[in-house]
Amino acid sequence: MRKLAYFLLFLLPFSFTALAQEDKSQFLDAVALYSEGEFSAAGEMFARLLEQNPNDDAYNYYMGSCEFYQGRTGQAAPYIEKAAALDSTNLWYIHSLAMLYNQTGERVKFADSFQKLIDMRPALYRTPYSLTMIADVRLAQGRDSLALARYGEALDIDPQYLPARLGKLESYRMSGKTPSFFTELRQLIEDGSVDVGTKSA
C-alpha cells in the first residue's frame, strides 16, 4: 500500500518534502487507505492532518475526495474548492471541481471548471462534446455570442457534430438572427446524413 501511496505523490504535486516526518508518515498511510477505497478511514486521518495544517492544498483535496466518494457532495465542496483556490494550476483539483459540480447540477460552475481544464490541457479536454456542453450553458445564461463561439469551435473539430449544429441553430433563433437561422436550418434539412427524426423535431 505504501508503494502505491508514493506513486500517487508523484502524480499530485505539492510540498511533500516540507512536511514533518510524523506528518509524512500519517499522510502516506492516509493516501494508502484512499487508494484502496477506504474513504471513511482515510477521511478520519486527513481530518486530523487538517487540524494541524488547514491550508494544505493536498490535505483539502483528499479530504474533499473522501467525502465525495462517500456520496457527501455538500461536505466535499468546501475542501475541493479550497484546494483549487490554494493551487489553481493543479489539474486534479480542477477536474475534481468539475466532477463535483456535475454531480450537484451546478451547470455554470461545471462549465467554468471545464473551460479551465480546456485552457490547461486542450489536447485532453478540448472535444466537440465538451465545447458543446459549455456552449449550451452559455446559451442558457443568455451569453449568445460566447455560445456561438464555442459551438463554432466544436464544429471546427467535427463539422458534422449534430449537438453543436442544433445548438448553433438554437442560438441563432434565440438571438433573433433570422437569416442565419434559416440558412443553418436549410443546410441541416438538406444534409442527407442527419436523421429524419431530428429534422422533424
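These numbers come from a predicted model, not from an experiment.

Participant: Looking at this structure, I do not really get the overall build of the chain. What am I missing?
Facilitator: Counting its regular elements, the chain contains 13 helices and 0 strands. Each helix (α) and strand (β) of the chain, taken in turn from the N terminus, gives the series α-α-α-α-α-α-α-α-α-α-α-α-α. For the chain, the proportion of its 201 residues judged to be buried stands at 43%. Sequence separation of 24 or more characterises 46% of the internal contacts of the chain that already satisfy a separation of 6 or more. When the accessible area of the chain is evaluated, it comes to approximately 10,700 Å², of which 53% is carbon and sulfur surface.

Participant: Please clarify how the packing of helix α6 (residues 91-104) against helix α7 (residues 107-120) should be interpreted in this entry.
Facilitator: For any two helices packed against each other, one specifies the crossing angle of their axes together with the interaxial distance. With their axes 8 Å apart at the nearest point, α6 and α7 run at an angle of 150 degrees to one another. The orientation of α6 with respect to α7, classified from their angle, is roughly antiparallel. The two elements α6 and α7 cross, and the hand of that crossing is left-handed. Only K109, F110, S113, F114, K116, L117 and M120 of α7 make contact with α6, whose side of the interface consists of L91, I94, H95, L97, A98, Y101 and N102. Within the contact of α6 with α7, the residues separate by chemical class into 9 nonpolar, 3 polar and 2 charged.

Participant: Would you mind showing me how to read the packing of aromatic side chains here?
Facilitator: Both the distance between ring centres and the angle between the ring planes are used here to describe each pair of aromatic rings. A complete count under the given rule lists 15 aromatic pairs for this structure. Taken together, a centroid distance of 5.4 Å and an interplanar angle of 70 degrees make the contact between Y34 and F39 edge-to-face. On the basis of relative accessibility, which here comes to 14%, the residue Y34 falls in the buried class. Ring geometry for Y61 and W92: centres 6.3 Å apart, planes at 45 degrees, overall tilted. Of this pair, Y61 sits in helix α4 (residues 57-69) while W92 sits in helix α6; the two residues are 31 residues apart in sequence, bridging distant segments of the chain. Put simply, the rings of F27, Y34, F39, F46, Y59, Y61, Y62, F68, Y69, W92 and Y93 pair up and form one aromatic cluster.

Participant: What is the right way to read α6 from this model?
Facilitator: A rise of 1.5 Å per residue sets the reference length of α6, with its 14 residues, at 20 Å; its end C-alpha atoms lie 20 Å apart and thus fit the reference within 8%. The inward-facing, buried residues of α6 abut α4, α5 (73-86), α7 and α8 (122-125). Positive phi appears at G105, one or two residues downstream of α6, with a value of about 80 degrees.

Participant: What is the right way to look at the nonpolar core in this model?
Facilitator: Across soluble globular proteins, you tend to see nonpolar side chains buried next to one another. If you look at the biggest cluster of nonpolar residues, it comprises 47 residues, and the most contacted ones within it are F27, Y34, F46, Y62, L100, F114 and L117. Within the residue set of this core, elements represented by two or more residues are α2 (21-35), α3 (39-52), α4, α5, α6, α7, α9 (128-140) and α10 (144-157). Ranked by size, the runner-up nonpolar core spans 5 residues in total, among them L169, Y172, F181 and L188.

Participant: Explanation requested: the environment of Y59 in the structure shown.
Facilitator: Within the secondary structure layout, Y59 lies in helix α4. Each C-alpha atom, one on Y59 and one on A83, is 8.0 Å from the other, the two residues being 24 residues apart in sequence.

Participant: What am I meant to see in α7 here?
Facilitator: Given 3.6 residues to a turn, an α-helix orients residues that are three or four positions apart in the same direction. If you check α7, its first and last C-alpha atoms are 20 Å apart, about what 14 residues at 1.5 Å a residue would give, namely 20 Å. Looking at the buried side of α7, the elements it contacts are α6, α8, α9 and α10.

Participant: Mind showing me how you'd approach the pattern of salt bridges here?
Facilitator: Side chains bearing opposite charge may pair, as long as their charged atoms lie close to each other. Going through the model one piece at a time under the given rule, you end up with 7 salt bridges. Between R126 and E153 there is a salt bridge whose closest N-O contact spans 3.4 Å. With R126 in the loop between α8 and α9 and E153 in helix α10, this pair connects stretches of sequence that are 27 residues apart. In this structure, a network of salt bridges that share partners links the residues R126, R150 and E153.

Calculation criteria
- Residues numbered from 1 in each chain as written.
- Predicted model: local features only at pLDDT ≥ 70, side-chain atom pairs only at ≥ 80, totals over all residues.
- Heavy atoms only, no water.
- Helix = DSSP H or I, 4+ residues; strand = E, 2+ residues; numbered from the N terminus.
- Buried < 20%, exposed > 50% of the residue type's maximum accessible area, 1.4 Å probe, protein only.
- Contact = heavy atoms within 4.5 Å.
- Areas by Shrake-Rupley, 256 points an atom, 1.4 Å probe, with all protein chains shown as cover.
- Axes fitted to C-alpha atoms, helices over the stretch in contact; angles between N-to-C directions.
- Parallel < 35°, antiparallel > 145°, perpendicular 65-115°, else oblique.
- Left-handed = near helix turned anticlockwise from the far one by under 90°.
- Nonpolar A, V, L, I, M, F, W, Y, C, P; charged D, E, K, R; others polar.
- Phe/Tyr/Trp six-rings, centres within 6.5 Å; stacked < 30°, edge-to-face > 60°.
- Expected span 1.5 Å × (residues − 1).
- Core = buried A, V, L, I, M, F, W, Y, C linked by side-chain atoms within 4.5 Å.
- Salt bridge = Lys/Arg side-chain N within 4 Å of Asp/Glu carboxyl O.

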